[in-house]
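A closer look at the structure
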Amino acid sequence: MRRTLGPTAAAKALYALRPNAIMPWDAAIAAALHGGRDGPAFAAHQRLGRQWAAAVLAEAGVEERRLAALVGRPRISLAKILDEYLYVSVTMSAAVSREG
């Protein structure tokens, strides 16, 4: 039997291979930002991540390698910082909405 990865697992696997280049996602983030979890939506997610990263770096006025230390997370990539922001602002918010 052929085994495949779902969209979330595939994104996280790509992030594991390229943590400085790939911004992972989950179902809630994909639905909220892109309306789906297909290939074009994932590509749009990566483009959006690049735009956000450029804006964050420009506003902070620092190089990417120094940004993580500024936010108290010196060992993670900017892609992961953006993912954590989305997790808190989208994924956790969706979970709270379902519970409440």
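Before going into details, it helps to say that this report is about the structure given with it. (Residues numbered from 1 in each chain as written. Predicted model: local features only at pLDDT ≥ 70, side-chain atom pairs only at ≥ 80, totals over all residues. Heavy atoms only, no water.)

Let us look at the environment of Arg18. With respect to the element layout, Arg18 can be found in the loop between α1 (7-17) and α2 (27-34). We classify Arg18 as exposed; its relative accessible area is 55%. A sequence separation of 14 residues divides Arg18 from Ala32, and the C-alpha atoms of the two residues are 24 Å apart. (Helix = DSSP H or I, 4+ residues; strand = E, 2+ residues; numbered from the N terminus. Buried < 20%, exposed > 50% of the residue type's maximum accessible area, 1.4 Å probe, protein only.)

Attention shifts here to the nonpolar core. A general feature of soluble globular proteins is that nonpolar side chains tend to end up buried together. Membership of the largest hydrophobic core comes to 19 residues, with the highest contact counts inside it found for Met23, Trp25, Ile29, Phe42, Leu78, Leu82 and Leu86. Only α1, α2, α3 (39-60), α4 (64-70) and α5 (78-99) provide two or more residues apiece to this core. Counting residues per element, this core draws most heavily on α5, at 6 residues. (Core = buried A, V, L, I, M, F, W, Y, C linked by side-chain atoms within 4.5 Å.)

These figures capture arrangement, not role.
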